[in-house]
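Listed below, chain by chain, are the residues.
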Amino acid sequence: MLRKSRLFAPGPTPSLPAAQAAMASFTAHHRTADFKALFQQVLADMKEFIGTKNDVLVLACSGTGVMEASVSNLTSPGDNVLVLTAGKFGERWTGLAKAFGCHVEELNVPYGETFSLDDIRARMNSFTRAVFVQATESSTGARHDIEGIAKIVRAQGDETLLVVDAITGLGTTHLDVDGWGVDVIIGGSQKALMMPPGLAYCAVSERAWKSMEKTSSPRYYFDLRKERKSAAKGETAYTPATSLFAALGAALGFIRGMGKGNLTAGREELVNNAELCAEMTRAGAKALGLKLYASAPAAALTAICAPEGIDSGKIVKEFRESFDAVVANGQGEMKGKLFRIAHIGYYDYLDTVGILGALEHVLAKVTERSVEYGAGVRAAQQVYARTRSGKQQLVGA
Ligand SMILES: *Cc1c(COP(=O)(O)O)cnc(C)c1O
């Protein structure tokens, strides 16, 4: 059969055709009125996309670049920081903070789980300069309670900052950045913004800007103060990734369209879309007798345990070979144990039922057991039907 190549990994996610077209045709030099207009529009729209009044910066790097910038700008060597880690991306915070000489305290919970707020409270003290966490841990599919964590951090006062890697959280999760008092929230272009990798962004609170004046870790390209000064003049400090800005402008336009001209409403729609695709996927997986890996599953992605005795690598390979669908294996120690299906950004109903239909064939092939065709798809359809109308029932359900 003909196979269309499709991405179901938690980044890079499928690109919006309008974003690709905008990229391909963009030729303006970055020190021109045309680029300046685009740049200023994108920065203003990004505030709405994130849902913040704080200054937003967009840098040319992958998400980890801005994670690093948050460490280098907000800490000094020897500072005490608390890393909340429950997976591979949490471990990245530890690696970064150690690389900049921080004294790292870790609150570690097993893969697939999330933190107890009491445990976090117990690990905080007046010397904690910053707390680093993920909104959604993409390696396990877990959702962390950013609202609850923010309450604890804010109770410490203005000397303790909360830095959230929401690289897969933004656009898939309802987050009240300013209301909760998140100091730095970080995102990346290749996730919910439906465009290729290459840009990462953050919103930075006044509290965090102030604290940056006192820190002494080395930084140059990633000196956020310099970037902020340039942005206030409608410029970037160095050569921006101009064509990616054009793609970002188009993606934000698409999201505004989802909200019928209102970008905030469009972002809410996008989050609700991810929530619904995720709920459909969870129902489909369970109906096929599969277990979910995360105890508090995120809408960004669904991590599904491989059936007993089956290496999840076989499932990932079969998705690719039969359907040219890129589904992610587990990372690190989770490799072989689970597979991950994303719902970040440009996914819809047909993608969701399609991947579940394919999953039924993949399971039949790798387990060599009979699968009740339609069971996963039907469960997903029931979720969809229930959400669309209070009482609508599927014929034959
Ligand atoms: C994708 C992702 C990142 C960023 O990774 P890069 O490869 O640097 O873009 C960081 N954190 C989470 C939770 C992610 O999903």
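Residues numbered from 1 in each chain as written. Predicted model: local features only at pLDDT ≥ 70, side-chain atom pairs only at ≥ 80, totals over all residues. Heavy atoms only, no water.

Trainee: Lay out the nonpolar core in plain terms, naming residues and giving numbers.
Mentor: M46, F49, I50, F319 and F339 are the most contacted members of the largest nonpolar core, which has 121 residues in total. No other element matches the nine residues that helix α13 (residues 349-367) contributes to this core. Domain assignment of the residues forming this core places at least three in each of domain 1 (6-12 + 261-387) and domain 2 (17-258). Once residues within four sequence positions are removed from consideration, F49 is found in contact with L170, G171, A192, L193, Y201, L252, I255, L263, R267 and L270. (Core = buried A, V, L, I, M, F, W, Y, C linked by side-chain atoms within 4.5 Å. Buried < 20%, exposed > 50% of the residue type's maximum accessible area, 1.4 Å probe, protein only. Helix = DSSP H or I, 4+ residues; strand = E, 2+ residues; numbered from the N terminus. Domains from an automatic or database assignment. Contact = heavy atoms within 4.5 Å.)

Trainee: Provide a residue-level description of the sheet that holds strand β13 (residues 328-329), including the pertinent values.
Mentor: Either a parallel or an antiparallel arrangement is found when strands of a sheet pair, and the pairing is made through backbone hydrogen bonds. One open sheet accounts for three strands, arranged β11-β14-β13; its pairing is antiparallel. Edge strands, defined here as strands with exactly one partner in the open sheet, are β11 (301-305) and β13. Looking at chain direction, β11 and strand β14 (residues 338-342) are connected through five bridges and run antiparallel. The residue of β14 that forms the bridge with L301 is A342. (Pairing = 2+ DSSP bridges.)

Trainee: Residues and numbers for the pattern of salt bridges, please.
Mentor: Close approach of charged atoms lets side chains of opposite charge pair. What the rule picks out here adds up to 20 salt bridges. With a shortest N-O distance of 2.7 Å, D118 and R121 are connected by a salt bridge. Taken as a pair, D118 and R121 lie in helix α5 (residues 117-123) at a separation of three residues, close to a single helical turn. For D118, a relative accessible area of 53% translates into the label exposed. With relative accessibility at 47%, the residue R121 sits in the partly exposed group. Two residues, E318 and K365, come together in a salt bridge whose shortest N-O distance is 3.5 Å. (Salt bridge = Lys/Arg side-chain N within 4 Å of Asp/Glu carboxyl O.)

Trainee: Tell me about a negative patch on the surface, and please be specific about residues and values.
Mentor: A cluster of acidic side chains, namely D145, E147, D176 and D178, defines a negative patch on the protein surface. With respect to the helices and strands, D145 occurs in the loop between β7 (142-143) and α6 (146-155). Given the relative accessible area of 39%, D145 is considered partly exposed. (Patch = residues over 30% accessible without salt bridge, like charges linked within 9 Å, V, L, I, M, F, W, Y side chains within 5 Å. Areas by Shrake-Rupley, 256 points an atom, 1.4 Å probe, with all protein chains shown as cover. Lys, Arg positive; Asp, Glu negative; His and termini not counted. Charge placed at Lys NZ, Arg CZ, Asp CG, Glu CD.)

Trainee: Can you tell me about the sheet that holds strand β10 (residues 199-204), naming the residues and giving the values?
Mentor: Read across the sheet, seven strands follow the order β2-β10-β9-β8-β5-β3-β4 without closing on themselves; strand pairing throughout is mixed. Pairing within the sheet leaves two strands with one partner each, and these edge strands are β2 (55-60) and β4 (103-108). Ignoring which end each strand starts from, the neighbouring axes of this sheet average 20 degrees apart. Two strands pair when backbone bridges link them, and strand β8 (residues 161-165) and strand β9 (residues 184-188) are joined in this way by three bridges, in the parallel orientation. Residue pairing across strands places V163 opposite V184, the latter belonging to β9. Against the sheet, helix α3 (residues 63-74) touches β2, β5 (128-134), β8, β9 and β10, its axis set at about 160 degrees to β9. (Axes fitted to C-alpha atoms, helices over the stretch in contact; angles between N-to-C directions.)

Trainee: Could you give an account of the pairing of β8, naming the residues involved and the relevant values?
Mentor: With five of five residues buried, β8 is to be regarded as a mostly interior element. Residue alternation in β8 divides its side chains into two sets, L161, V163 and D165 and L162 and V164, and both sets are buried. Note: β5 against β8, five bridges, orientation parallel. Pairing of V133 across the sheet is with V164, part of β8.

Trainee: Kindly report on the environment of L288, identifying the contributing residues and their values.
Mentor: Inspection of the secondary structure assignment puts L288 in the loop between α11 (263-287) and β11. On the accessibility criterion, L288 (16% relative accessible area) is buried. C-alpha separation for the pair L288 and G374, spaced 86 residues apart in sequence, amounts to 9.3 Å. Beyond its immediate sequence surroundings of up to four residues, L288 is in contact with L359, E360, L363, V371, A375 and G376.

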